[in-house]
Amino acid sequence: MTDTAVSTSASTRPSRVETVSGPQSPGGGGRALAMALAPVFGVVGFLLLWQLLVAALHIPRYQLPAPWDIVRHLASDPGYYWTNGRRTAWEAFLGFGLALVIGVAGGALMAHSRFVDRALQPLAVLIQVTPIIAYAPAIVIWTGFGLKPVLILASLVCVVPFLLNSVTGLRAVDPSVLELARSVDASRREVFWRLRVPSALPYLFAAARISVGLALIGAVLGEFFSGVSKGLGYSVKFAQSRNISLQLWGSVFVLALIGSLATVAIGALERLLLRWHPSQHP
Amino acid sequence: MTVASTIVNDVRTQADTLVDVRGASKTFVRKGARTNALDGVDLSVRRGEFVSLLGPSGCGKSTLLRLVGGLLEFDAGIVLVDGQPPAASRRQKQFALVPQSPALLPWLTVRQNVGFLTKLNRGAEGHRTPDEKEVQALLAAVGLDQFGGAFPHELSGGMQQRVSLVRAFALGAPILLMDEPFAALDEITRAQMRYLLLELWERTGGTVLFVTHSIPEAIIVSDRVVVMAARPGRISAIEDIHLDRPRRDDMEDSAQFHGHVSRLRTLLRDSHDAEVQR
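Residues numbered from 1 in each chain as written. Chains lettered and ligands numbered in written order. Predicted model: local features only at pLDDT ≥ 70, side-chain atom pairs only at ≥ 80, totals over all residues. Heavy atoms only, no water.

**Some details on the overall build of chain B**
Note the following rule: Runs of H or I in DSSP of at least four residues are treated as helices and runs of E of at least two as strands, each being numbered from the N terminus. For this analysis, residues touch if any pair of their heavy atoms sits within 4.5 Å.
Along its length, chain B carries 9 helices and 9 strands. Counting only C-alpha atoms and orienting by the principal axes, one finds that chain B spans roughly 55 × 45 × 45 Å. Partitioning the intrachain contacts of chain B with sequence separation of at least 6 by distance along the chain shows that 71% fall at a separation of at least 24.

In structure tokens form, the structure reads like this:
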């Protein structure tokens, strides 16, 4: 980048070399519209292909319903999916929140002390590599039926991304900036809240994007094993036992919708809070 | 100079000394290898003086800067800043550090970055800090008054370094410690930055310790240039600069300037040759 705006005396007016917000979309309006709609094409194309294949191969509905049949089924009983979807979304949200709090608190401890870091790293790896589906029944037996095991499973499955990313993020402060803070004798608290936490934000958002899907997995899994009779996980289990493929797929569609909406919400929050970050200006 | 005037000068020097370094030594141990970063360094800097530390890489100039700023502990010797240990001065926010990289916070605007260090450890300083209007004037002096709301990523490298300079001056600290602040800039930008720095300094005053490895840069900004040599890091010579203030870029063509350049070049070469022979 050139730097022609330097003025060697105060009387010289600085000439503006760079506009503060760079204009984009060199290809004009049509291209911009196409780019904005691009994410929709993939999903719509996939659903169309599915619809056509089901019709062309004469697959019976009880084996694999076509997307349009699933949508019509959803529309026929919206109350059922609304109630159960809300339940599962709430469980996933609570599990996600718990994991966020525990992960960031643990990450802060790990970032603070090399010893704690070394002690907790293997534990984090263990949690991550052990298939949650294998120990889910054990957790239900330990904690009893109901909401408790669901929340434990949902938070357990997404705590590791928050933990590891917050350690990395809290440590990602430029050493020169840390030295500057030392040069004015900034307190540990100031360094943590004013330097480390903002530096960790992009890493936490990356963890959040991964954890949205994981929290839903945890919630559905919890409903499978914990004997609750509410939620989309329960709905899936029930539908499987009765061979109701429309209800099975309907539940899956609603789960996909919940995950997508949560991802969109996180993306919006990210754009708001990370305006300064390179990831937000391609 | 007469004997009497020398004595008067000595007395005044004693009273005016702000930074006093005596016999300072610092050794770094890394993977079993010991590096004698500084060996018995004596230096005194007067209040309001602009002193450059000039020397090759590894001569301990950054280490000396950090000892004075209370950012590093020394192994032997005495360092006093305004009569007290550097750590005490650091706690009173007496130092304004300008690092080599701009080290701006990417999530803060230019104006917020400039005020950032002032806000940390607020109230510890015994001196007055520039108010908002004065800070705005400092930004205007470096041509950035239009960019107060911009984020660092929207600025060029030279503009970012100007923000870093203003951030230091906005602290209102009596001592400015600058660690090769222009080293990462291109030569043209760098030459302009020297005069911007002087303009800010003439506006706010203060004592400056300025680390550089550029001979012309050291001459044009300084009252005195301290030449350092490496292995072990030490002061090999001190050159008084007799150019008038305020400094102007046409002084770089003067015979006096060229005289300083050739003397400093010889001093640097001599200490380098001595090192090679050892």
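**Remarks on helix 5 (residues 132–141) of chain B**
All names here are of chain B. Heads up, the condition is: A simple rule labels every residue: compare its accessible area, found with a 1.4 Å probe on the protein chains alone, to the largest value its type can have, and call it buried under 20%, exposed over 50%, or partly exposed in between. The arc refers to the directions leading from the helix axis to the C-beta atoms.
Burial in helix 5 covers these residues: V135, L138, L139 and A141. The buried residues of helix 5 occupy an angular sector of 160° when the element is viewed end-on, so they sit on one face. Within helix 5, the exposed residues directed more than 90 degrees away from the buried face are E132 and K133. Residues of helix 5 that are buried in the fold lie against helix 4 (110–119), helix 6 (157–169) and helix 7 (187–204).

**Examining the sheet that holds strand 2 (residues 33–46) of chain B**
In sheet architecture, strand pairing relies on hydrogen bonds along the backbone and comes in two forms, parallel and antiparallel. Residues and elements named next belong to chain B. In plain terms, the rule: Two strands are said to pair when DSSP picks up at least two bridges between them. The angle between two axes is taken between their N-to-C directions and runs from 0 to 180 degrees, where each axis is a line fitted to C-alpha atoms and a helix contributes only its stretch in contact.
Across the sheet, 3 strands lie side by side as 2-1-4; this open sheet has antiparallel pairing. The sheet is open, and its two edges are formed by strand 2 and strand 4 (76–81), each paired on a single side. The sheet shows a mean angle of 20° between the axes of neighbouring strands, direction not considered. Note that strand 1 (residues 17–30) and strand 2 share 10 bridges and pair antiparallel. Bridging from a neighbouring strand, K26 pairs with L38 of strand 2.

**Considering the interface of chain A and chain B**
We count it as follows: Summed over both partners, the accessible area lost on bringing two parts together, with a 1.4 Å probe, is the buried area. Should a side-chain nitrogen of Lys or Arg be within 4 Å of a carboxyl oxygen of Asp or Glu, the pair is scored as a salt bridge. Polar contacts here mean pairs of N or O atoms no more than 3.5 Å apart (in protein, one a potential hydrogen donor and the other a potential acceptor; neighbouring residues in sequence count only if both atoms are side-chain atoms).
Taken together, the 34 residues of chain A in the interface contact 41 residues of chain B. Summed over both partners, the interface of chain A with chain B comes to about 3,500 Å²; 59% of that surface belongs to carbon and sulfur atoms. Ionic pairing is found between R90 of chain B and D185 of chain A, a salt bridge with its closest N-O pair at 3.3 Å. Inspection of the chain A/chain B interface yields 8 residue pairs in polar contact (both at pLDDT 80 or more). Every element with two or more residues in the side of chain A that touches chain B is listed here: helix 7 (175–183) and helix 8 (188–225) of chain A. Here the side of chain A that touches chain B gets 7 residues from one element, more than from any other, and that element is helix 7 of chain A.

**Side note on unusual backbone geometry**
Residue and element names in this part refer to chain B. With an omega of -5°, the peptide bond running from R231 to P232 counts as cis. Among the structural elements, P232 can be located in the loop between strand 8 (224–229) and strand 9 (234–240). Of note, the bond from R245 into P246 is cis; its omega dihedral lies within 30 degrees of zero at -5°. Structurally, P246 is set in the loop between strand 9 and helix 9 (255–277).

**As for the environment of R245 of chain B**
Residue and element names in this part refer to chain B. By the element assignment, R245 lies in the loop between strand 9 and helix 9. Other than its neighbours up to four places away in sequence, R245 contacts F50, L198, W201, V221, S222 and D223. At a separation of 2.8 Å, a polar atom in the side chain of R245 contacts the main-chain carbonyl oxygen of V221. Reaching out from R245, the side chain makes a polar contact with the side chain of D223 at a distance of 2.9 Å.

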